[in-house]
Amino acid sequence: MVADSDVSGGLTGGCVCGHVRYRMETTPIIVHGCHCRYCQRMSGSAFAVNAMIEADRIILTGEGKPDAIHTASALPAGQIVHRCPRCSVPLWANHSQLGETFALVYVGTLDDASKLSPDIHCFTTTKHSWVALPAGIPAFEGNYDAEQVWSAAAKARFTTAMQGEI
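Keep in mind the model is a prediction, meaning the values are calculated, not measured. (Residues numbered from 1 in each chain as written. Predicted model: local features only at pLDDT ≥ 70, side-chain atom pairs only at ≥ 80, totals over all residues. Heavy atoms only, no water.)

1. Here's the deal with helix H3 (residues 152–163)
Stage number 1. Over its 12 residues, H3 extends 16 Å from the first C-alpha to the last, a length consistent with the 16 Å expected when each residue adds 1.5 Å.
Stage number 2. All buried positions along H3 are accounted for by Ala154, Arg157 and Ala161. The buried residues of H3 occupy an angular sector of 65° when projected down its axis, which confines them to one face. Seen from the open side of H3, the exposed residues pointing more than 90 degrees away from its buried face are Ala152 and Thr160. (Helix = DSSP H or I, 4+ residues; strand = E, 2+ residues; numbered from the N terminus. Expected span 1.5 Å × (residues − 1). Buried < 20%, exposed > 50% of the residue type's maximum accessible area, 1.4 Å probe, protein only. Arc of directions from axis to C-beta.)

2. So, the confidence of the model for the protein chain
Stage number 1. Of the residues in the protein chain, 93% have a pLDDT of 70 or more, and the chain-wide mean is 90.
Stage number 2. Within the protein chain, the lowest mean pLDDT, 88, falls on helix H1 (residues 37–43), and the highest, 98, falls on strand E2 (residues 21–24).
Stage number 3. Low confidence marks residues 1–5, where pLDDT is under 50. Its contacts with residues over four positions away, or in another chain, come to 12 contacts. (pLDDT = per-residue confidence, 0-100. Contact = heavy atoms within 4.5 Å.)

3. Observations regarding the pattern of salt bridges
Where charged atoms of side chains with opposite charge meet at close range, the side chains can pair.
Stage number 1. Summed over the entire model, instances satisfying the criterion amount to five salt bridges.
Stage number 2. The salt bridge partner of Arg21 is Asp111, with a shortest N-O separation of 2.6 Å. Residue Arg21 is located in strand E2, and its partner Asp111 is located in the loop between strand E9 (102–106) and strand E10 (120–122); the two are separated by 90 residues in the primary sequence.
Stage number 3. By relative accessible area, which is 24% here, Arg21 ends up partly exposed.
Stage number 4. According to the relative accessible area criterion, Asp111 is partly exposed, its value standing at 48%.
Stage number 5. Overlapping salt bridges, with partners in common, bring together Glu54, Arg57 and Arg157 in one network. (Salt bridge = Lys/Arg side-chain N within 4 Å of Asp/Glu carboxyl O.)

4. Considering the environment of His121
Stage number 1. Along the polypeptide, His121 turns up in strand E10.
Stage number 2. For the pair His121 and Asn143, spaced 22 residues apart in sequence, the C-alpha to C-alpha distance is 9.1 Å.
Stage number 3. Setting aside anything within four residues of it in sequence, one finds His121 in contact with Gly33, His35, Phe47, Leu133, Pro134, Ile137, Pro138, Ala139 and Phe140.
Stage number 4. Among the polar contacts made by the side chain of His121, one reaches the side chain of His35 at a distance of 2.9 Å. (Polar contact = N/O pair within 3.5 Å; in protein donor to acceptor, adjacent residues only side chain to side chain.)

5. Details of the sheet that holds E2
Across a sheet, paired strands are connected by hydrogen bonds in the backbone, their directions being either parallel or antiparallel.
Stage number 1. Strand order in the open sheet made by the three strands is E1-E2-E5, with antiparallel pairing throughout. A single partner strand is all that each edge strand has here, and the edge strands are strand E1 (11–14) and strand E5 (58–60). Going from strand to strand, the sheet's axes swing by 30° on average, the running direction of each strand aside.
Stage number 2. Two strands pair when backbone bridges link them, and E1 and E2 are joined in this way by four bridges, in the antiparallel orientation. What sits directly across from Thr12, in E2, is Arg23. (Pairing = 2+ DSSP bridges. Axes fitted to C-alpha atoms, helices over the stretch in contact; angles between N-to-C directions.)

6. A look at the pairing of strand E8 (residues 90–95)
Stage number 1. Buried residues dominate E8, accounting for six of its six residues.
Stage number 2. Strand direction decides the pairing type here: strand E7 (residues 79–83) and E8, joined by five bridges, are antiparallel. For Val81, the partnering residue across the bridge sits in E8 and is Ala93.
Stage number 3. With two bridges joining them, E8 and E9 adopt antiparallel strand pairing. Bridge pairing links Ala93 to Leu104 in E9.
Stage number 4. Here E8 hands over to E9 after six residues, with Gly99 in that stretch at a positive phi of 70°.

In structure tokens form, the structure reads like this:
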């Protein structure tokens, strides 16, 4: 994960046509390299890089507002994917297990996506054989236990955000 000082002023991003622009006010809680088949299909790539952040820390900075579209997924409840209404690029999603409190920002929509690299790789049992995972980054065959992986600061942010939902 990138240090807070590397993103002072936030990370900015947006869709292809520029109609929807946003800023992440803080660093993400965690960045996943997800190799599940759903993320492969949604990203159109070998895996998705998703930055988990409190949804209220995503600030719209342009005139456009994304459409929230219920999208089928591997989970019965699906996901809510926030897409530009003009070019249909997905910007972030609300995972059904996390609700609207958290967003999974598609890192490729950041103006400088190189600032965020995966803290972990998950669902590697469906990883393409030609994808080489970097040494030193935790990798899990399926999902992972946040209690064992997340930093104390990440756990505190998650708990604080969840308490706001009560």
